[in-house]
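Inside the fold
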Number of protein chains: 6
Amino acid sequence: MRRLLITGAAGQLGRVMRKRLAPLADTIRLADLARLDPPERDEECMSCDLSDAAAVHEMVAGCDGIVHLGGVSVERPFDQILGGNIVGLYNLYEAARAHGQPRIVFASSNHTIGYYPQTERLGPDAPYRPDGLYGVSKCFGEALARLYFDKFGQETALVRIGSCTPEPTNYRMLSTWFSHDDFASMIEAIFRVSTLGCPVIWGSSANDAGWWDNSHLGWLGWKPKDNAEAHRIHIEALTPRPDPSDPTSRFQGGDFVNNPIFKE
Amino acid sequence: MRRLLITGAAGQLGRVMRKRLAPLADTIRLADLARLDPPERDEECMSCDLSDAAAVHEMVAGCDGIVHLGGVSVERPFDQILGGNIVGLYNLYEAARAHGQPRIVFASSNHTIGYYPQTERLGPDAPYRPDGLYGVSKCFGEALARLYFDKFGQETALVRIGSCTPEPTNYRMLSTWFSHDDFASMIEAIFRVSTLGCPVIWGSSANDAGWWDNSHLGWLGWKPKDNAEAHRIHIEALTPRPDPSDPTSRFQGGDFVNNPIFKE
Amino acid sequence: MRRLLITGAAGQLGRVMRKRLAPLADTIRLADLARLDPPERDEECMSCDLSDAAAVHEMVAGCDGIVHLGGVSVERPFDQILGGNIVGLYNLYEAARAHGQPRIVFASSNHTIGYYPQTERLGPDAPYRPDGLYGVSKCFGEALARLYFDKFGQETALVRIGSCTPEPTNYRMLSTWFSHDDFASMIEAIFRVSTLGCPVIWGSSANDAGWWDNSHLGWLGWKPKDNAEAHRIHIEALTPRPDPSDPTSRFQGGDFVNNPIFKE
Amino acid sequence: MRRLLITGAAGQLGRVMRKRLAPLADTIRLADLARLDPPERDEECMSCDLSDAAAVHEMVAGCDGIVHLGGVSVERPFDQILGGNIVGLYNLYEAARAHGQPRIVFASSNHTIGYYPQTERLGPDAPYRPDGLYGVSKCFGEALARLYFDKFGQETALVRIGSCTPEPTNYRMLSTWFSHDDFASMIEAIFRVSTLGCPVIWGSSANDAGWWDNSHLGWLGWKPKDNAEAHRIHIEALTPRPDPSDPTSRFQGGDFVNNPIFKE
Amino acid sequence: MRRLLITGAAGQLGRVMRKRLAPLADTIRLADLARLDPPERDEECMSCDLSDAAAVHEMVAGCDGIVHLGGVSVERPFDQILGGNIVGLYNLYEAARAHGQPRIVFASSNHTIGYYPQTERLGPDAPYRPDGLYGVSKCFGEALARLYFDKFGQETALVRIGSCTPEPTNYRMLSTWFSHDDFASMIEAIFRVSTLGCPVIWGSSANDAGWWDNSHLGWLGWKPKDNAEAHRIHIEALTPRPDPSDPTSRFQGGDFVNNPIFKE
Amino acid sequence: MRRLLITGAAGQLGRVMRKRLAPLADTIRLADLARLDPPERDEECMSCDLSDAAAVHEMVAGCDGIVHLGGVSVERPFDQILGGNIVGLYNLYEAARAHGQPRIVFASSNHTIGYYPQTERLGPDAPYRPDGLYGVSKCFGEALARLYFDKFGQETALVRIGSCTPEPTNYRMLSTWFSHDDFASMIEAIFRVSTLGCPVIWGSSANDAGWWDNSHLGWLGWKPKDNAEAHRIHIEALTPRPDPSDPTSRFQGGDFVNNPIFKE
């Protein structure tokens, strides 16, 4: 690619991907509402409020691919989610439509299905069971992406990210961990494959204790290499065993089901 | 019920249900942003902008059941859909949570799945394929309702309405027609059944040429009585045969797939 | 048939079937541990304790068909269930094996799946979720029947009876009612079809509010004629509305899930 | 339609359809290798050997629709099946491709799945289990039709005819009967629907004892009106009960599984 | 755990697990009707007849987990199976209910499904097809365990053990072998996971030629390490090739389908 | 085996298998219409036109196993396909029936399903979607093989070969490659297993980017060892990236969907 856009580039995951995705394009365009580290060689930095349609158009113009990590990525009051994840997503897809339909990696979330029990294994077509407003906004996003695919042919990978951290650090992450290496290689595969369509892709490593079934994806030619199981001994040594009666250890969404937003 | 709320009561469908649902409750509360006909005996009228949280709370307070027909019901620019169907729905569910969780009939739509071909028969778990922004807003609404069910036990019937009109008047309605009688008897069954949960229910009559399979619903004890087939001769006599190459006659969403909003 | 055996013939259902099945065979052999009304023309009466193997062999000898209604038919302490429904069933199948393998109608029960929620529709292959020891004994019986089919070719209809009563008399029976006429015509079809195998058959009438799907059964050539819905007004007038928080109105097994046996 | 072609028009079924389909087109073109009754008003007659490509092209030219009943319709030695059902079908589809792709009703057969047991209910996607060379030739035909649909958009209804006779006359036909009325109304629906695609359609009436599930077909707007069950008493009176050990009464294909061709 | 109970501890498998499971608890309680080797450090030995309810209560009291290997583990006459596997299992679950519901590993068996052909791959929900009375008793046990889960929340792992031996020693074991290491690590995972529920788990190693699909189990975090394929050359060298016409080499239950019990 | 027949032995794949399968039988009989290299030790060579029934009978007589690679293996005009793949296959199965029913490996093809999109993963029961006349002939062959299995017990492995070449040399082969080693070990497993039946087996290596799911096959005890992914860098360096708008990169059948035969 000539220019790859990474949104939410100032966030934790964005800063990681900024480095790892550099080989994918001549120029990496980095965008965020928060302050970004200054551009290095072959980088461009833009400030962008996703709820500002004109700004989003400017951000998208000239890009051949988009890794959309921007917007709110944890549970927040509805008005905060509305701007970045609802209006912002609409703005992003309208901008993509206006600017040549670059392929999009959409950072969706396991919180679209967080109310399934941890003893169930899910395929890509399991009906939504979001665990909070953040999860609902990601359901909205997936539906919007599908609309633009059916209507305009816009391709998107709907990546339902588990826990994308340097290492798994608690019991739940034994099931949900998605290593930085595996996410980076997945993004590479998404941009490499000649036809993408608009598939749901579970964003997790090859965890022995995984909940999500990516076997529909053979054609992508991507195989995760990491396995949270390698960290089990460490986790068992350092963290307390989950209480089975706590919703946190019963539902896939973990502590999102004990959402404090609604407790006000 | 003591008090049943009908939102969108000034609309075409709202005016019909206002009359037919009267026997279900001692008082019918009618709400709309548009002007309502003056209240008759056992009716209350309220003006309510769904995007105004306080107004929605006031509207919901004191009701034992809600038939939510309000919001935008056709394709519209995104900013119009945002207020009524996104923010408005959040307001409605927060109000229901604050006011005793009255059972809700949510007027969802076949436009959540409008991009399926007309030669496919759908069950309730078919993944979303919305045909426009309106359809996407209904996907959002269904996901939000499911969240409130899993988190708080709020019961909702997700009724994906086909074409709810006095009579079927074109070829597509031979498949999608939902008679006023059948919708009214469905609402009655929804409020009658002792456990509802949060099911998807296809809103269509017993049409010979129907696309949607309600066989998962036996337990509701509802059977549609009307069949659009009885109107076929009339329709064939009065309306031109659809052109097979037109998307309108290939996809279940009909002319929503030729959405003028996006043509600007 | 020359001789049809009805076990449990002194029970409520047995007394009904005694009359209705008379046309199916030259002789009806009636058996029960309890006292039977004296034999009428073309009837034979036998006392039989199902847990007594020799008695069961004697009872089965010479019969061309068996309608097995015998054993315990409600929740009871385990030792009572053991004799009639576990040992008794083994005795019955061994006797059938020794005496020409007459086709068997086995009165299984909806209590094999009583812990499914009332909002779910079940096919014949849904995994067992019994609601009590009685239900577990019927799971045993179905497994035993399947063994004798696979090993010896013994044919059995595994009829999961709902509520076989003269009329539906409460809310749950709107879903579970199985009219005497429909059970009798089902038994007739079971003995009429040239190949039976060992199918699960839901024993319920054509109830609008039914939970069970017999669509796999087309080949049997049996259609129920009755519909509990015709009795809804009567039931709603005479019985109190079920409390939605009571397990009785949440699970298909009804009040079996509030099983007093385990309360001791 | 202006001109509808019926092949195999001198056969039993062809002679029936010749009369019944007259209202569907201005002109009915009748073709067969066997001698046809002379044309009546609005009819044309052609002699055609299906294995002669040029003759088939001439037969198809100028037609808007085709009801293909031609070829061998019972079990025959392979060389006879080869000409009419293999080469002949290829000729027909090549001719249709050359002459405007008229919609085709292809008389496929239940003998494509004749080795399924009679106690199984089949949907349209059950893998083939043909019961003879005739059945294999119909599998070939369905695959060829699908190829022309995927490659060229040629629409075909793959009608797997059961037993299309004036009345059901034996036990098996209680399951397989397809009344002339129902076949005629099905053909009418096939030519009426605006998009057809290339669906499998089971050709049987609404028989209580039917084996085949057409519920995927809602969209066609066709409902069979007849039911072989009405003839059960007559059949039971006049024909001997099938022997359960005879393959004829175990497999859906009936006596085709006792195929004499292979007995040589 | 403080105290783990192993029943059937004097049996072949019990003696192996006695050693391997020692690290799982402070004290291992060993129980059997047969004579046990004397207790070593951190062990307790009890004699227990499973059909004696009082003895079973005493055995279960004070335990935090149970590995239930006790009862009859091969085909036997019904009266022997009745005591240990039917009455005994009821006693065990009643005792567990009275004593704090320790988590249970129930040694179920592949003989619950032994009549499936060897060319079929099975998931956990395949309907039962037991191959003998022993298999039927395990179906009973699984249904009983499910009842106690649905009614009381008692958690059980329903482990359908294949062939748990030191090494695979015949052709069938290439598919069914379950190494001691893999069973031990599975038990460890079962007691480790925070929520268990009541799942069916296939008890076999990672055999290339395996018949059973554990892919629903990801969440357990258990992966078998052994593969019977490593022993193929040895088996082919030492044992005669199975005769394809023998039921033993056609059905998954192997020689259980040639059950001598029924031959009397 | 004493004598293994390889048809099509002069072809590319035939020449490879001639060498690799030598250990499977005392004698390898090689047959082709084209000129074969002279027989080596333990080899026999025969010229055979598959459309000549007598020649095929002679070829098959005395063989214990058949690897049928013969016939046309690429898209060709229909008359060429007819002789080798339609008539020839019938001749082969009739000859096998007459000569002791040796087990057959039938080289079917991915072109039976070539019109599925590359973003779909297929199991063995996906309905046919052939991409050309060659693919249709393989559908015919699979149906014929199934007939001979159901009617006579003739066992066949229906191997849907992907791209069986020394190395993968283009983008599509990253998904379809079937290494010579993997095909040879598969054939070995097919002849080794005691019961085969008539299964569909996808002929591809363990490619990361594979489209086809062989997980139904556990029982065969065969695991592919090669993975086209190891060749990705080489392919990406040497071949142009496929154009996403070209059918070749959208459908599984690759350039067969641009079939020149039909372009005449």
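Since the structure is predicted, the reported quantities are computational estimates derived from the model, not experimental observations. (Residues numbered from 1 in each chain as written. Chains lettered and ligands numbered in written order. Predicted model: local features only at pLDDT ≥ 70, side-chain atom pairs only at ≥ 80, totals over all residues. Heavy atoms only, no water.)

Applying the stated criterion across every chain yields a total of 64 aromatic pairs over all chains. Seen in terms of ring centroids, A:W211 and A:W212 are 5.8 Å apart; in terms of plane orientation they differ by 75°. Their pairing is edge-to-face. Taking the relative accessible area as the measure of exposure, A:W212 reaches 6% and is therefore buried. Relative to F:W212, the ring of F:W202 lies with its centre 5.4 Å away and its plane at 15°, an arrangement referred to as stacked. Of this pair, F:W202 sits in strand β7 (residues 200-203) while F:W212 sits in the loop between β7 and α7 (232-238), and the two are 10 residues apart along the sequence. Overall, F:W202 belongs to the buried group, its relative accessible area being 0%. Positioned over the ring face of D:W202 is D:R160, at 5.1 Å from the centre of the ring. (Phe/Tyr/Trp six-rings, centres within 6.5 Å; stacked < 30°, edge-to-face > 60°. Buried < 20%, exposed > 50% of the residue type's maximum accessible area, 1.4 Å probe, protein only. Helix = DSSP H or I, 4+ residues; strand = E, 2+ residues; numbered from the N terminus. Lys NZ or Arg CZ within 6 Å of the ring centre and 35° of its normal.)

Separated throughout, chain A and chain D approach each other most closely at a C-alpha pair spaced 19 Å apart. No part of chain B reaches chain E; the closest C-alpha pair between them is 19 Å apart. (Contact = heavy atoms within 4.5 Å.)

Our focus in this paragraph is the sheet that holds strand β7 (residues 200-203) of chain D. All names here are of chain D. Taken together, the seven strands give an open sheet; going across it, the order is β3-β2-β1-β4-β5-β6-β7, and neighbouring strands pair in parallel fashion. The open sheet is flanked by β3 (43-47) and β7, the only strands paired with a single partner. With direction set aside, neighbouring strand axes in the sheet form an average angle of 20°. Alignment of strand β1 (residues 3-7) against strand β2 (residues 27-32), held across five bridges, turns out to be parallel. Pairing of R3 across the sheet is with T27, part of β2. Along the sheet, helix α2 (residues 53-60) contacts β1, β2, β3 and β4 (65-68); its crossing angle with β2, the most-contacted strand, is approximately 165°. (Pairing = 2+ DSSP bridges. Axes fitted to C-alpha atoms, helices over the stretch in contact; angles between N-to-C directions.)

Time to look at the relation of the copies chain A and chain E. Rotating chain A by 120° and translating it 0.0 Å along the rotation axis places it on chain E, where the RMSD comes to 0.0 Å. Accordingly, the operation relating the two chain copies is best matched by a three-fold axis. For chain A, the smallest separation between a C-alpha atom and the rotation axis is recorded for A:S215, amounting to 6.0 Å. (Least-squares fit on C-alpha atoms with pLDDT ≥ 70 in both.)

Quick look at the relation of the copies chain C and chain E now. Overlay of chain C on chain E (RMSD 0.0 Å): rotation 180°, translation along the axis 0.0 Å. Such a combination of rotation and displacement between the chain copies is what one expects of a two-fold axis. Closest approach to the rotation axis within chain C is made by the C-alpha atom of C:F140, at a distance of 2.6 Å. By residue overlap, the copies meet face to face through one surface: 100% of the interface positions of chain C are interface positions in chain E.

Moving on to the interface of chain A and chain E. Listed by partner, the interface residues are 16 residues for chain A and 12 residues for chain E. Of the roughly 1,100 Å² buried where chain A meets chain E, counting both sides, 50% is carbon and sulfur surface. Ranking the residues of chain A by area buried against chain E places A:T119, A:R121 and A:D208 at the top, with a combined share of 45%. Residues E:R192 and A:E229 are paired through a salt bridge, measuring 4.0 Å at the closest nitrogen-oxygen approach. Seen at the junction of chain A and chain E, the total is five residue pairs in polar contact (both at pLDDT 80 or more). Here the side of chain A that touches chain E is composed, by residue class, of four nonpolar, four polar and eight charged. (Buried area = accessible area lost by both parts, 1.4 Å probe. Salt bridge = Lys/Arg side-chain N within 4 Å of Asp/Glu carboxyl O. Polar contact = N/O pair within 3.5 Å; in protein donor to acceptor, adjacent residues only side chain to side chain. Nonpolar A, V, L, I, M, F, W, Y, C, P; charged D, E, K, R; others polar.)

Taken together, the contact pairs 32 residues of chain C with 32 residues of chain E. A combined buried area of about 2,700 Å² lies between chain C and chain E, and 73% of that area is made up of carbon and sulfur atoms. It is C:F78, C:K151 and C:F262 in chain C that bury the most area against chain E; as a group they hold 22% of the surface buried on that side. Counting the contacts that link chain C with chain E gives two salt bridges. One salt bridge in this structure joins E:D150 and C:R129, with 2.7 Å as the shortest N-O distance. If you look at where chain C meets chain E, you find eight residue pairs in polar contact (both at pLDDT 80 or more). Broken down by secondary-structure element, the contributors of at least two residues to the side of chain C that touches chain E are α3 (78-98) and α4 (133-152) of chain C. Of all the elements, α4(C) adds the most residues to the side of chain C that touches chain E, at 12 residues. Taken together, the residues that form the side of chain C that touches chain E break down as 21 nonpolar, three polar and eight charged.

Let us look at helix α2 (residues 53-60) of chain F. Residue and element names in this part refer to chain F. Within the span of α2, buried status applies to A55, V56, M59 and V60. Projected down its long axis, α2 shows its buried positions confined to an angular sector of 130°, all on one face. Opposite the packed face of α2, turned more than 90 degrees from it, sit the exposed residues A54 and E58. Lining the buried residues of α2 we find β1 (3-7), β2 (27-32), β3 (43-47), β4 (65-68) and α3 (78-98). With a side-chain oxygen lying 3.1 Å from the backbone nitrogen of A54, the N-terminal cap of α2 falls on D52. (Arc of directions from axis to C-beta.)

Here we come to the sheet that holds strand β1 (residues 3-7) of chain C. All names here are of chain C. The sheet built from seven strands is open, its strands ordered β3-β2-β1-β4-β5-β6-β7 with parallel pairing. Each of the sheet's edge strands pairs with one partner strand only, and the pair in question is β3 (43-47) and β7 (200-203). Between one strand axis and the next, the sheet turns by 20° as a mean value, whatever way the strands run. Note that strand β6 (residues 156-161) and β7 share four bridges and pair parallel. Bridging from a neighbouring strand, R160 pairs with W202 of β7.

So, on to unusual backbone geometry. All names here are of chain F. Residues other than glycine seldom take positive phi values, yet D42 does so here, at roughly 65°. Relative to the elements of secondary structure, D42 occurs in the loop between β2 and β3. Residue D42 is classed as partly exposed on the basis of its relative accessible area of 45%. Of note in this structure, Q101 is not a glycine but carries a positive phi near 50°. Inspection of the secondary structure assignment puts Q101 in the loop between α3 and β5 (103-109). Given the relative accessible area of 27%, Q101 is considered partly exposed.

Residues and elements named next belong to chain C. The residue A184 is located in helix α6 (residues 180-192) in this model. According to the relative accessible area criterion, A184 is buried, its value standing at 13%. Sequence separation between A184 and I261 is 77 residues; the distance between their C-alpha atoms is 32 Å. Setting aside anything within four residues of it in sequence, one finds A184 in contact with M17, R20 and L21.

With that settled, the discussion passes to the UniProt feature "domain: NAD-dependent epimerase/dehydratase" (unreviewed entry) in chain A. Under the UniProt annotation, the feature "domain: NAD-dependent epimerase/dehydratase" (unreviewed entry) is placed at residues 5-162 of chain A. Strand forms 20% of residues 5-162 of chain A and helix 37%; the C-alpha atoms that close the span are 22 Å apart. (UniProt positions renumbered as here; feature names shortened; annotations may be inferred.)

What follows is about the packing of helix α2 (residues 53-60) of chain E against helix α3 (residues 78-98) of chain E. Residues and elements named next belong to chain E. One can describe the packing of α2 onto α3 by two numbers: an axis separation of 9 Å at closest approach and a directional angle of 45°. Relative to α3, α2 is oriented oblique. Note that α2 runs across α3; the crossing there is right-handed. Residues A53, V56, H57, M59 and V60 of α2 lie in contact with α3, whose contacting residues are N91, L92, E94, A95, A96 and A98. Its residues assigned to classes, the contact of α2 with α3 shows eight nonpolar, two polar and one charged. (Parallel < 35°, antiparallel > 145°, perpendicular 65-115°, else oblique. Left-handed = near helix turned anticlockwise from the far one by under 90°.)

For the rest of this paragraph, the subject is the side chain of D:H111. Residue and element names in this part refer to chain D. Of note, H111 is situated in the loop between β5 (103-109) and α4 (133-152). H111 sits in the buried class, given a relative accessible area of 6%. At 2.6 Å, the side chain of H111 and the side chain of D131 are in polar contact.

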